[in-house]
Structures are given as structure tokens and as C-alpha cells.
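Structure at a glance
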Amino acid sequence: MKKIIALITLFFFYQASTAQLFTKERVQNNQSMDKQTLSWGYYLGTNSLDYNFDYNSNVEQIQTEKTFSFNVGLVGDVRLNDYINVRLEPGLVISARNLIYPKSYFDGIIEPEELKDSDLLREVKSTYVYIPLLLRFSTKRINNFKPFVTFGLATSLNLSSNEKNPEDNSGGEFRTTKNTLFYDIGFGIDFYLYWFKFTPSIRGVFALNDELIRDVDPNSPWTGNISSMKTRGIFINFTFR
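An account of the accompanying structure is given in this report. (Residues numbered from 1 in each chain as written. Predicted model: local features only at pLDDT ≥ 70, side-chain atom pairs only at ≥ 80, totals over all residues. Heavy atoms only, no water.)

Points about the environment of Gln63
As for its placement among the helices and strands, Gln63 is situated in strand E2 (residues 63–66). On the accessibility criterion, Gln63 (47% relative accessible area) is partly exposed. C-alpha of Gln63 to C-alpha of Leu121: the two residues are 58 residues apart in sequence and 9.8 Å apart in space. Setting aside its immediate chain neighbours within four residues, Gln63 contacts Asn98, Leu99 and Ile100. (Helix = DSSP H or I, 4+ residues; strand = E, 2+ residues; numbered from the N terminus. Buried < 20%, exposed > 50% of the residue type's maximum accessible area, 1.4 Å probe, protein only. Contact = heavy atoms within 4.5 Å.)

The structure is reproduced here in C-alpha cells:
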């Protein structure tokens, strides 16, 4: 994941620096596109989400196995001026994370000979309806390129949360909150092609509230020592407008 992000980052900076080196006027595609007050588009992408844990005491950390998953959504853009836009990007974010617990969490709770592999693993599947409201700050357009950064807040609805499920980890059910707030920061480059604008971007997303629903037993080995559990991760999106 880090290698992929590094390669994409280098590509963005290479394109931006190349455009700056060759500032001679060229034929610009879609010259009137950025003059529209309202515009629409869609995006496709991938994500890799993790959890950031805080613990009540000094213990071995829970390990998170991440996977690449899928993003899809719409883009609504409001132009404030040549350099600032407001964007609403409602979409669907599908992710899967495996939580691997250390055996030490079960000391004195489950006898070692009775401890099963399934006790040490919790698969967390999430399907977020993700709705970010973003401020986008762009540079001056350089021929057919325009770099930008984004900042914003997002709300989400996790359709796979199990928040209201009466079963907890003692029955194999890992539960999370249905609603989560995020802050969202990223950067990208607009590429003005002949027929449309293509925009690759990288975004970091960070949950603001604790997402863990604790087990009924306050001494549960799965949730008892967790102070907070918050999503963090990377979105790589490709927008078409």
C-alpha cells in the first residue's frame, strides 16, 4: 500500500513539475469547463481502511489485516471563484478488515486448551454510505493541468454495523456504531482531456468518534480493554466530469 501511494504521489508531482517547466502556451482543452457555477460527475476508486486503537492499559496491540476495497459515488461541484470550490461527494465505500487478537487477552478467561482460532479473529465488514462536504483549493491552470488540495468533514452510515444486534462477541458478533463522523484531507490533479476532465486524487480519512460497541461483559477479552477504536485509511479516487 505504501509503495502504491508513493508511486502515485511521485506521478502527481512529476506531472505538476513538468507542466511548470513547459509554461509555453498550448492549446487548452475544455476552456470553459471551469466557468460553470454548478457541475456534476462521478468517481470510481479503491480504499484501504485500518483501525486506530487506544487501550485502557499497556497490553499487546490488536493487529489489523487490511484489504483493498471499492468506492463509487457522485460529485456535485459549486464554483466560488477561479481557485475555490465547494464539493459534495456522496458515495458507497465497501471495506473489510480482520482483527487479530493476541492470546494474552484471554489469560484467566478462557483456558489455553479451550482457546480456538475463531476466538482470536474477528472479521469486520463495513458498507459505508459516505457523504463528505469538501473545500477544494486549486492552483492556476497550467495548460491542461491543475493541482489542488481538499479539506472537509464527512458523515457516514454503516449499513453493516450490527449496532442493534443483541448478540455480542460471546456469540461471534463484532459490533460497531452505525453513524461515524470523519475529517477528510487530500490532493490531486485535474487533467483536461479533449472530451472530459479526468481527476486522480488521494485522500486520507480519519474518524472523529469511537466506533466500538462494547460487549455486555465489561471484562470481555474482545472489547474490555479498548478505550476507543477509530477508522483511518486512504481513498484513491478517479473522477470523471
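Re empty space enclosed by the protein
Applying the stated criterion across every chain yields a total of three cavities of 30 Å³ or more. Empty space within the largest cavity amounts to approximately 80 Å³. Tyr43, Arg87, Glu89, Leu134, Arg136, Phe148, Thr150, Thr199, Ser201, Arg203, Asn237 and Thr239 are the residues that line the largest cavity. The set of elements that each furnish at least two residues to the lining of the largest cavity consists of strand E6 (121–138), strand E7 (145–158), strand E9 (197–207) and strand E10 (226–240). (1 Å grid on protein atoms, 1.4 Å probe; cavity = no way out; pocket = protein on both sides within 12 Å on 5 of 7 lines; lining within 4 Å. Points joined across faces, edges and corners; volume = space filled by probe spheres on them.)

Brief notes about the pattern of salt bridges
If the charged atoms of two oppositely charged side chains come close together, the side chains can form a pair. Tallied over the full model, the rule gives 13 salt bridges. Residues Asp34 and Lys146 are paired through a salt bridge, measuring 2.8 Å at the closest nitrogen-oxygen approach. Of this pair, Asp34 sits in the loop between helix H1 (2–21) and strand E1 (38–55) while Lys146 sits in strand E7, and the two are 112 residues apart along the sequence. Here Asp210 ties to Arg214 by a salt bridge, and the two come within 2.9 Å at their closest N and O atoms. Relative accessible area serves as the criterion here: at 33%, Arg214 is assigned to the partly exposed category. (Salt bridge = Lys/Arg side-chain N within 4 Å of Asp/Glu carboxyl O.)

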